[in-house]
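Fold and geometry: a report
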Amino acid sequence: MAALAGARVLASQGAAAAITQAASVAQANGVSAGQIQVTVNLATQSINVSTRRQVGLGLARILNQSQAEVGASAAAAAQTVTGLRGVAPLGVVWRNFVFGQLYDLKVGGGSGEQGWYGALDLGLKGGGASEYREHLTHGWQGLLRVGDDVWVKSGNMSGPTRDAIGQRLNMCTHMPTCTFTQFVPNCPRLLIIPVVTPPRNKVVEVLGFAGFFIEGLPGSGNKSFIRGRFVEFVATGEAGSGPSYGARTFTLIR
Ligand SMILES: [Zn+2]
């Protein structure tokens, strides 16, 4: 627990804060300050927590030994998310997005490369507009993994996109109001969008997961862009190595 708590802080606030956090969680769980050793490895962005304690022995007293030292240790690190539920049925081709910047994601609007407007068929191939709207509003509940091939959804999904984004904006009732720098985990205003290869024969391959914090309602017709800020976020999903597009998860690595 201490290692995981420290790893979360390490990614956002640095080593000193991570060590303090890990130690305080360990102490809150009954380990005294002198029994904890916390080390940080910046190269691997991991944190190691060890404890040692002298304990009294029962049976071993026969062997003239009344005490022994026992220890435990664990290491945790931030890792790339390689599999996730709850993603939006959209795909974005990577174009050097910068964290905190505002982007108009082409969905429905614009001219569409090869007839593709950015929508994906995450459920059944050729699923209808209502299925797309449902997946965009609440996130697709299936598990999408890096390396998966997904069918692109052809056609202008302008109406359902506008409906779904409007619902997401309404569903964030958090107080204080979420912003792109401070939002609750799983806030509906956070759209998790698969980063994909350009379409080939109407299929794209998933490369990773990006987060966009919704900043406005899309227009209709050709003005149907989703306006969002590219953000980092913490997700509960499958962890692994590989390039990160902003989605992180924290796991015990030892
Ligand atoms: Zn919110």
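Higher on the page you've got the structure.
Since we're looking at a predicted model, the values are computed, not measured.

A few words on empty space enclosed by the protein. Across all of its chains, the model carries one cavity of 30 Å³ or more by this definition. Taken together, Leu120, Asp121, Leu122, Gly123, Glu131, Tyr132, His135 and Lys153 make up the full set of residues lining the largest cavity. Elements supplying a minimum of two residues to the lining of the largest cavity: β6 (116-121) and α3 (129-138). The dominant element in the lining of the largest cavity, judged by the number of residues it contributes, is α3, at three residues.

When you line up the elements, threonine 161 lands in helix α4 (residues 158-171). Judged by relative accessible area, threonine 161 falls into the buried class, the value being 0%. Engagement of the side chain of threonine 161 in a polar contact is seen with the side chain of tyrosine 132, the distance being 2.7 Å. Among the polar contacts listed, one links the side chain of threonine 161 to the backbone oxygen of methionine 157, at a separation of 2.6 Å.

Moving on: the nonpolar core. The biggest cluster of nonpolar side chains holds 24 residues, and the ones touching the most others in it are Leu144 and Phe209. Listed by contribution, the elements that provide at least two residues to this core are β3 (67-87), β6, β7 (140-145), β8 (149-154), β9 (190-196) and β10 (203-216). Take this core: its biggest share by element is four residues, from β10. One finds Ala119, Tyr132, Ile214 and Tyr245 within the second-largest nonpolar core, a separate group that totals 21 residues.

Before going further, it helps to spend a moment on the pattern of salt bridges. Summed over the entire model, instances satisfying the criterion amount to eight salt bridges. The closest approach of N and O atoms between aspartate 163 and arginine 133, which form a salt bridge, is 3.2 Å. Separated by 30 residues along the polypeptide, aspartate 163 in helix α4 and arginine 133 in helix α3 bring together distant segments of the chain. Of the residues examined, aspartate 163 reaches a relative accessible area of 39% and is grouped as partly exposed. We classify arginine 133 as partly exposed; its relative accessible area is 28%.

Calculation rules
Residues numbered from 1 in each chain as written. Predicted model: local features only at pLDDT ≥ 70, side-chain atom pairs only at ≥ 80, totals over all residues. Heavy atoms only, no water. 1 Å grid on protein atoms, 1.4 Å probe; cavity = no way out; pocket = protein on both sides within 12 Å on 5 of 7 lines; lining within 4 Å. Points joined across faces, edges and corners; volume = space filled by probe spheres on them. Helix = DSSP H or I, 4+ residues; strand = E, 2+ residues; numbered from the N terminus. Buried < 20%, exposed > 50% of the residue type's maximum accessible area, 1.4 Å probe, protein only. Polar contact = N/O pair within 3.5 Å; in protein donor to acceptor, adjacent residues only side chain to side chain. Core = buried A, V, L, I, M, F, W, Y, C linked by side-chain atoms within 4.5 Å. Salt bridge = Lys/Arg side-chain N within 4 Å of Asp/Glu carboxyl O.

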